[in-house]
Amino acid sequence: MDRKILMHVGPTMIDIDVLLAGVRNNTGFASPEFVTSMGNALNGLKYVMNAPDYQPFILPGSGTMAMESVTSLLKKGDNVLIVSSGVFGDRWVNIFKKYPLNIKHLRSEPGHIIPQDEVSRELENGKYKMVTITQVETSTGVLYPVESLVKKIRDKVDIIVVDAVASAGAEKLNVQDWGIDVCLTASQKAMAAPPGAALMVLSQNAVNHLSENSISGFYTDLNQWIKVMNSFQNGKSGYYTTLPVHIVFSLEKAFDLIREETLENRIKRHEIVSGAIRAGLNGMDMPVMAEKGFESHTVTGMMLDGISMNDFLSECLNNGIEMATGIVPEYAGKYVRIGHMGWINQNDAISTVAVIERVLRDMGRKIPANSGVSAAQEYLSSNIKD
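Residues numbered from 1 in each chain as written. Predicted model: local features only at pLDDT ≥ 70, side-chain atom pairs only at ≥ 80, totals over all residues. Heavy atoms only, no water.

### Things to note about the overall build of the chain
In terms of helices and strands, the chain carries 14 helices and 14 strands. The C-alpha radius of gyration computed for the chain amounts to 21 Å, which stays within 12% of the reference 21 Å derived for 386 residues, consistent with globular compactness. By the burial criterion, 60% of the 386 residues in the chain qualify as buried. Nonlocal contacts in the chain, meaning residues at least 24 apart in sequence, comprise 73% of its contacts between residues at least 6 apart. With an accessible surface of roughly 15,500 Å², the chain has 46% of that area assigned to carbon and sulfur atoms. (Helix = DSSP H or I, 4+ residues; strand = E, 2+ residues; numbered from the N terminus. Rg over C-alpha atoms; globule rule 2.2 N^0.38 Å. Buried < 20%, exposed > 50% of the residue type's maximum accessible area, 1.4 Å probe, protein only. Contact = heavy atoms within 4.5 Å. Areas by Shrake-Rupley, 256 points an atom, 1.4 Å probe, with all protein chains shown as cover.)

### Structural notes on the sheet that holds strand S14 (residues 335-339)
The sheet built from three strands is open, its strands ordered S11-S14-S13 with antiparallel pairing. Both outer strands of the open sheet, strand S11 (299-303) and strand S13 (324-325), are each paired with one neighbouring strand and no more. Relative to S14, S11 runs antiparallel, the two sharing five bridges. Looking at S14, one finds that glycine 301 is bridged to arginine 337. (Pairing = 2+ DSSP bridges.)

### Details of the UniProt feature "domain: Aminotransferase class V" (unreviewed entry) in the chain
According to UniProt, the feature "domain: Aminotransferase class V" (unreviewed entry) maps to residues 30-326 in the numbering used here. In residues 30-326, helix accounts for 41% and strand for 19%; the two terminal C-alpha atoms are 42 Å from one another. (UniProt positions renumbered as here; feature names shortened; annotations may be inferred.)

### Description of the nonpolar core
Formed by 93 residues in total, the largest nonpolar core has its most connected members in Ile58, Phe96, Val119, Met200 and Trp225. The leading source of residues in this core is helix H10 (residues 245-261), at nine residues. Taken together, domain 1 (5-10 + 262-384) and domain 2 (17-261) each give at least three residues to this core, which thus spans both. Those residues in contact with valine 119 that lie beyond four places of it in its chain are Leu81, Val83, Leu106, Ile114, Tyr144, Leu149 and Ile153. Of all hydrophobic cores here, the second largest spans 33 residues; its members include Met302, Met309, Phe312 and Ile356. (Core = buried A, V, L, I, M, F, W, Y, C linked by side-chain atoms within 4.5 Å. Domains from an automatic or database assignment.)

### Some remarks on the sheet that holds strand S5 (residues 128-134)
Pairing within the open sheet is mixed, and its seven strands lie in the order S2-S10-S9-S8-S5-S3-S4. Of all strands in the sheet, those with a lone pairing partner are strand S2 (55-60) and strand S4 (102-107), marking the two edges. Taken pair by pair, the neighbouring strands of this sheet meet at an average axis angle of 15°, ignoring direction. By the bridge criterion, six bridges tie S2 to strand S10 (residues 197-202) in an arrangement that is antiparallel. Bridging from a neighbouring strand, leucine 59 pairs with alanine 198 of S10. Contacts from helix H9 (residues 222-233) reach S2 and S10 within the one sheet, and its direction differs from that of S2 by about 105°. (Axes fitted to C-alpha atoms, helices over the stretch in contact; angles between N-to-C directions.)

### Here we look at the pattern of salt bridges
Here the structure, examined in full by the defined rule, presents eleven salt bridges. The shortest N-O distance in the salt bridge between lysine 152 and aspartate 117 comes to 3.4 Å. Pair noted here: lysine 152 is in helix H6 (residues 146-153) and aspartate 117 is in helix H5 (residues 116-125), with a separation of 35 residues, a long-range link. The class of aspartate 117 is partly exposed, set by a relative accessible area of 45%. Lysine 127 is the partner of aspartate 158 in a salt bridge, and the nearest nitrogen-oxygen pair spans 3.5 Å. Remark: lysine 127 occurs in the loop between H5 and S5 and aspartate 158 occurs in strand S8 (residues 157-163); sequence separation between them is 31 residues. Given the relative accessible area of 27%, aspartate 158 is considered partly exposed. (Salt bridge = Lys/Arg side-chain N within 4 Å of Asp/Glu carboxyl O.)

### Observations concerning the packing of aromatic side chains
Applying the stated rule across the entire model yields six aromatic pairs. A ring pair is formed by phenylalanine 34 and phenylalanine 249, whose centres lie 5.9 Å apart and whose planes are at 75°; its orientation type is edge-to-face. Residue phenylalanine 34 is located in helix H2 (residues 32-49), and its partner phenylalanine 249 is located in helix H10; the two are separated by 215 residues in the primary sequence. The class of phenylalanine 34 is buried, set by a relative accessible area of 0%. Judged by centre distance (5.4 Å) and plane angle (25°), the ring pair of tryptophan 92 and phenylalanine 96 falls under stacked. With tryptophan 92 and phenylalanine 96 both in helix H4 (residues 87-96) and four residues apart, this pair spans about one turn of that helix. Residue classification places tryptophan 92 among the buried positions, given a relative accessible area of 0%. Every member of this aromatic cluster is reached through a ring pair, and the members are Phe34, Phe232 and Phe249. For the cation-ring pair, arginine 259 lies above tyrosine 47, with the distance from its terminal atom to the ring centre recorded as 4.5 Å. The residue whose ring lies beneath arginine 266 is tryptophan 343, and the NZ or CZ to ring-centre distance is 4.3 Å. (Phe/Tyr/Trp six-rings, centres within 6.5 Å; stacked < 30°, edge-to-face > 60°. Lys NZ or Arg CZ within 6 Å of the ring centre and 35° of its normal.)

### A look at the environment of alanine 197
Mapped onto the elements, alanine 197 comes out in strand S10. Sequence separation between alanine 197 and leucine 59 is 138 residues; the distance between their C-alpha atoms is 5.5 Å.

### Some details on the pairing of strand S9 (residues 182-186)
Of all five residues in S9, five are buried, a share of seventy percent or more. Of the two faces of S9, the one carrying Val182, Leu184 and Ala186 and the one carrying Cys183 and Thr185 are both buried.

### Observations regarding H9
For an α-helix, the turn length of 3.6 residues means that residues three or four places apart are oriented alike. Compared with an ideal rise of 1.5 Å per residue, which puts twelve residues at 16 Å, H9 spans 16 Å between its outermost C-alpha atoms and is within 8% of the ideal. Of all twelve residues in H9, nine are buried; the element is thus mostly enclosed. Residues Leu222, Asn223, Gln224, Trp225, Ile226, Val228, Met229, Ser231 and Phe232 constitute the buried set of H9. In this fold, the buried residues of H9 make contact with H2, S2, helix H3 (63-69), S10 and helix H8 (204-208). Capping of H9 at its N-terminal end is provided by aspartate 221; its side-chain oxygen lies 3.0 Å from the backbone amide nitrogen of asparagine 223. Phi turns positive one or two residues past the end of H9, at glycine 235, with a value near 80°. (Expected span 1.5 Å × (residues − 1). Polar contact = N/O pair within 3.5 Å; in protein donor to acceptor, adjacent residues only side chain to side chain.)

If you want it as structure tokens, here you go:
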């Protein structure tokens, strides 16, 4: 029997009950059971985001759809500051340059972050309508200290947008208390549901910036989508374009399981799993891309130091572990990304480290037997309390 563990950066492993929740026949977006499910899922999203008073959105698409929809808050000629730690922070540039906006792009070296003081100084030197921040940079595994940055810049910019695509549901994230205006993610990452839904919440401040005069395109126009979301929150159907019906049923179940686990326990589980994986890599002297102290709990970039990326990933897959390619252009072919988010546990961490160790040894890397697994096991023994 072939069996694998999906240690990818998205899609991620899905709980069977979440998958089965989406198996519905003859159900449309106006069906009573879907109306109820959509309302429950919107409330579940507010729970995961710690945003009880925010406006939630569940839209057809991906995280990129959510990103582009923030153009609904902008008008021609607005100034936008992009704070980027890698490829997906840079995606904001590729989105916004399609629109009549003035863009300033701050980008760190891969594996590092832009210092908060540099962001603050830039906002003091110019009047910006919006700033975008990526909490977890999926291309490098870097975790940005969003809470402290938002506190530093809150009174210097109108709208603060946080890309939490690879963090919501796995990292500490208190959208409302921290003062974030827009926070967005996608169904297939730490929520661990099937891909197909863009998720976001807006503060009242952000909602106040919605306008018929925005630069948004038709499909991404939140000024229209908000009417649909409010309809479902009031127990009625709504339509702008077709909603991802079966994905919403799965999301509803995923949010139920997250509530059952509690956010606190879920975040702690991700911390333990990521810590075990990094301990194992350290035991094998395999460096990670993220700067020490800024490692995320959802993605780890492992440097390969001369080993073929494609051969390594192929051999890991043959041994039952699927990981992701490295995509930072400056390090093309020189690293891989280990995803550890969603429905993962310490046993998945040990299996992943064991396969990495075995494949590296088979490929000629001089690694003492059990060095990675022993280090990961020791970490777990020290950090899992009864």
